[in-house]
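# Survey of secondary and tertiary structure
Spelled out, the chains give:
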Amino acid sequence: MSDSTPIVDAPVHDPEIGADEWVSRSGDRTTRRGGLIGRAEHELMRLPGTIRFFAFFGLLALIPVMTSDDYLIRIGTVTLVFALLALGLNVSVGYAGLLDLGYIAYYGIGAYGYAMLASSKFGVHWQAWAAIPTVVGATVVIGFLLALPSRRLSGDYLAIVTLFFGQIFYTLAVQGYKVSLLGLNKDLGLHSANWDVTGGPNGIANVDGFRIGSTTAITDHAYYYITLAAVVLVFAALHFANNSRTGRAWRALNDDTLAAQVMSMRINWLKMLAIGVGAGVGALAGTINGALLQGAFPDDYNTYVLITIYAVLILGGAGSLSGAVLGAIVVTVGLEALRPGTEFSDWTANGRGLFYVTILIVVLTMMRPWRRVLAVLGGTVVFGILLHVIIGAAWPRGVHGGILNSASTFDHGGSMGWAIRHWLVLPAGTFQTGGYTVFNYLVVLLIAMILGLTLLKGWMRDALLVPTIWLAAEVYEARLIEEGSGATRFLLLGAGLIVIMAKRPQGLLGKPRVEIV
Amino acid sequence: MTPLLQLGGVSMAFGGLQVISDLDLHVNEGEIVSVIGPNGAGKTTLFNLITGVYQPRSGDILFAGESIVGLAPNQITNRGIARTFQTLRLFLNMTVKENVMAAAYGHTHATVVESMLRLPRARREEKAINALAEEKLAFFGQRLMGYRWNQPAYSLSYANRRRLEIARAMAAQPRLLLLDEPAAGMNPVETHEITELIARLRKEGGYTILVIEHDMHVVEGISDRVVALDHGVKIAEGTFEAVATNERVVEAYLGLQTTETK
């Protein structure tokens with residue numbers, strides 16, 4: 001509607017029941033993002049949820065058709081396993097607001113349970129249709145039992161107790177190779193005084209793939225589709241549960257436990273139910289992981305993995321199912337993409353490309369107006385070239401380094417490499433061969449400068465941003481890239497997550513929450 | 001006829017502080033009873049005792065002839081008592097409609113598995129809950145209608161939050177509604193509206209109502225009977241006129257010296 005049209009001349013709408021003029025025009029007042037992206041987003045959101053759901057997962061189903069690269073399929077499967085785990089965790093953390101740090105135990109119990117029922121460990125080889133429901137059902141019961149003593153706890157107290165449960169599981173898995181049944185092992189027909197149940201630190205190997213009849217799933221394709229099917233089914237089931245009396249009750253007790261109870265909800269039962277349902281989903285992911293890895297090993301179910309699952313859920317947005325899936329994609333694919341494939345010819349599939357492109361995108365999207373963007377980027381280029389020239393004059397060997405390539409040797413790295421070599425200060429034999437520990441200290445300096453950025457405002461911030469960007473690139477090329485597939489990619493992913501969470505505290509697809517207004 | 005709600009000799013103390021002492025109170029079916037009294041008189045504690053948030057030290061609380069002492073709040077709500085909160089305890093991050101739908105928990109029965117699989121009973125109940133919520137929200141005219149259904153509760157104005165609290169309590173399908181200061185923080189027009197609304201709650205909704213209120217215009221407009229509390233003791237009971245002119249009530253509100261001002 002054009003601004004010049006007086007309101008009194010506005011076309012008379014058919015009177016809607018329960019809607020006055022102001023109410024019926026609420027849609028016109030909501031602010032919308034402009035430009036092409038905003039338009040695309042708007043059109044996408046107008047589609048019914050079911051269509052978006054099937055379109056998205058249909059697209060995922062096409063990935064194995066489009067590529068025959070087993071490595072990509074494998075990453076896809078791992079991503080989907082994490083998506084499944086985040087979906088399960090979302091029930092207790094996202095819906096019911098229960099900080100369940102013992103979640104990893106259910107994942108582990110799923111894997112170990114399947115491994116015990118389908119391997120030569122105990123000589124039983126159950127088929128998938130029997131083993132999966134048994135393991136999932138048993139884990140739901142375990143979830144209920146663990147929730148029973150902690151159902152009256154909330155917040156930090158619940159977190160401490162459940163963290164303890166998670167650790168108990170890990171300890172049992174590692175120590176479970178010398179189980180003594182009251183010292184009566186031999187009398188009970190066991191061969192050894194130390195009965196091996198979990199395989200201890202070595203875990204259980206040679207686990208069967210999922211088998212139905214005489215067909216066993218072995219290919220990466222098969223597991224991709226099995227996991228995708230599990231994600232689709234769990235997603236739909238949790239969506240329906242969330243929009244039912246139980247789901248509303250979970251969210252109600254998350255908002256105000258006392259009010260929920262006064263409004264007729266059985267809060268203790270609902271808390272146990274949330275943990276139990278989450279446990280079942282976690283166990284399902286565990287059985288898939290056990291069959292996929294053909295084994296159950298304790299270190300796949302420790303606190304590090306728990307933290308990754310939490311990172312996935314919180315990044316995606318706790319409380320949002322599509323957020324859980326998106327979070328899994330960003331974290332898992334992000335970690336893979338950050339591996340330093342160092343061929344300059346392939347900028348899309350290497351960590352170096354991602355590193356520079358991300359910095360560029362962040363500066364381009366977060367800075368306004370264009371004059372500032374140009375000043376900072378131009379300043380960074382000039383700053384680097386000047387430093388290169390000055391240091392090069394004083395210490396010629398200091399600027400004669402090469403660029404790390406995919407063969408882990410240094411070369412000139414083509415035209416992009418030329419640009420980088422003349423912008424940064426790369427000493428000959430850069431880090432390992434040159435032994436320049438100064439770069440370790442530059443990492444510390446970089447962190448200090450980034451912290452400094454958060455304290456400054458206005459032009460001083462822009463001024464500090466110039467050396468910070470340059471130093472980030474310097475530290476990356478001269479130091480971090482050498483450990484690209486190790487610590488560096490976790491470091492970079494962590495930095496990326498911090499930036500995203502600072503910008504969107506509610507997660508990518510989460511809704512901002514309000515505690516007290 | 002047995003009263004719908006009957007308190008006999010109810011006492012409550014927090015540590016050494018006696019909040020309610022030996023209180024007798026009854027509410028008959030279809031009645032609107034107001035509880036008045038200065039701040040700290042024990043009015044909200046009375047509501048917390050009735051709804052099971054606190055357990056009385058002594059005395060008995062009968063609802064429809066049966067004792068409800070010792071029951072959990074959700075069990076008491078299922079027996080037919082629903083309340084609003086003076087301090088507004090909405091489910092802020094849920095939508096307006098979901099707030100009302102959530103309160104239908106106690107009288108619906110679909111299990112989580114039924115809901116996940118969308119089995120017939122879950123679908124049928126979901127439809128009924130939807131209709132129930134829309135009906136309860138429509139009770140407030142246009143205030144809580146239209147696009148507001150899908151807005152988070154935290155986006156509502158103060159007065160609308162009070163209305164939503166009442167709608168939520170109605171969705172629990174109670175026989176007795178406990179309203180804790182429904183007109184607090186409302187402007188004169190809205191206060192007038194709330195007075196009419198409470199009358200409509202009884203007439204159209206068929207609820208029996210026990211209400212705590214400070215605004216004497218509201219109390220005068222709605223009450224069949226008024227009970228005045230001070231320091232946890234019932235100091236007067238009767239019609240509005242009788243209680244408002246009662247010496248002890250005036251004293252409790254204004255102090256000893258000014259018994260001549262009404």
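Please read all numbers here as calculations on a predicted model, not as lab measurements.

Quick notes on the rules
Numbering of residues starts from 1 in every chain and runs along the sequence as written. Ligands are numbered from 1 and chains lettered from A, in the order in which they are written. Only residues with pLDDT of 70 or above have their local features reported here, since the model is predicted, and side-chain atom pairs are shown and tallied only from 80 upward, although totals for entire chains, interfaces and linings are computed over all residues. For two strands to be treated as a pair, DSSP must find at least two bridges joining them. Strands here are runs of E lasting at least two residues and helices are runs of H or I lasting at least four, both read from the DSSP assignment and numbered beginning at the N terminus. Only the contacting stretch of a helix is used when fitting its axis, a line to C-alpha atoms as for every element, and angles between N-to-C directions run 0 to 180 degrees. Residues are defined as contacting one another if the C-beta atoms placed from their backbone atoms lie within 7 Å. Backbone-placed C-beta atoms define the burial measure: a residue is buried with 20 or more other C-beta atoms within 10 Å of its own, exposed with 12 or fewer, and partly exposed in between. We call Asp, Glu, Lys and Arg charged. Ala, Val, Leu, Ile, Met, Phe, Trp, Tyr, Cys and Pro are nonpolar, and the rest, Gly among them, are polar. In this analysis, the expected span of each helix is defined as 1.5 Å times one less than the number of residues it contains. The arc in question is the one traced by the directions running from the helix axis out to the C-beta atoms.

To continue, consider the sheet that holds strand 9 (residues 225–230) of chain B. Sheets are built from strands that pair by backbone hydrogen bonding, the pairs being arranged parallel or antiparallel. Residue and element names in this part refer to chain B. As summarised here, the arrangement of the six strands in space is 6-7-8-3-9-10, forming an open sheet in which the pairing is mixed. Of all the strands in the sheet, just strand 6 (81–83) and strand 10 (233–238) have a single pairing partner and so form its edges. Pairs of neighbouring strands in the sheet enclose a mean axial angle of 20 degrees, with direction left out of account. Two elements, strand 3 (residues 32–36) and strand 8 (residues 208–212), share four bridges in a ladder whose sense is parallel. Note on strand 8: the bridge partner recorded for Ser 34 is Val 211. Those strands touched by helix 1 (residues 43–50) are strand 3, strand 6, strand 7 (176–180), strand 8 and strand 9, and its axis lies near 150 degrees from that of strand 7.

In this section: the pairing of strand 8 of chain B. Residues and elements named next belong to chain B. Counting buried positions along strand 8 gives five out of five residues, so the element sits mostly inside the fold. Burial along strand 8 is two-sided: the residues Thr 208, Leu 210 and Ile 212 and Ile 209 and Val 211 are all buried. Note that strand 7 and strand 8 share five bridges and pair parallel. The partner of Leu 179 across the bridge, within strand 8, is Val 211.

In this complex, chain A contributes 31 residues to the contact, which on the side of chain B involves 37 residues. Listing elements by their share of the side of chain A that touches chain B, those giving two or more residues are helix 1 (21–24), helix 9 (220–242), helix 10 (245–255), helix 11 (257–262) and helix 12 (267–293) of chain A. No other element matches the seven residues that helix 10 of chain A contributes to the side of chain A that touches chain B. Its residues placed into classes, the side of chain A that touches chain B shows 16 nonpolar, seven polar and eight charged.

The next subject is the pairing of strand 10 of chain B. All names here are of chain B. In terms of strand pairing, strand 9 meets strand 10 through five bridges, oriented antiparallel. Its bridge partner being in strand 10, Asp 230 is matched across the sheet by Val 233. Between the end of strand 9 and the start of strand 10, which pair antiparallel, lie two residues, with His 231 showing a positive phi angle near 50 degrees.

All names here are of chain A. Spanning 21 residues, helix 8 (residues 155–175) covers 30 Å between terminal C-alpha atoms, matching the ideal 30 Å at 1.5 Å per step. Every buried residue belonging to helix 8 is among Leu 158, Thr 162, Phe 165, Gly 166, Phe 169 and Ala 173, and all of these are buried. Projected down its long axis, helix 8 shows its buried positions confined to an angular sector of 95 degrees, all on one face. Seen from the open side of helix 8, the exposed residues pointing more than 90 degrees away from its buried face are Asp 156, Tyr 157 and Thr 171. Those residues of helix 8 hidden inside the fold are in contact with helix 6 (103–117), helix 7 (128–150) and helix 13 (303–316).

Turning next to the sheet that holds strand 2 (residues 17–27) of chain B. Residue and element names in this part refer to chain B. In space, the four strands of this open sheet follow the order 2-1-4-5, with antiparallel pairing throughout. Across the chains shown, the open sheet's two edge strands, defined by having one partner strand only, are strand 2 and strand 5 (66–67). Note that strand 1 (residues 5–14) and strand 4 (residues 58–63) share five bridges and pair antiparallel. The residue bridging Gly 8 from the neighbouring strand is Asp 60, located in strand 4.

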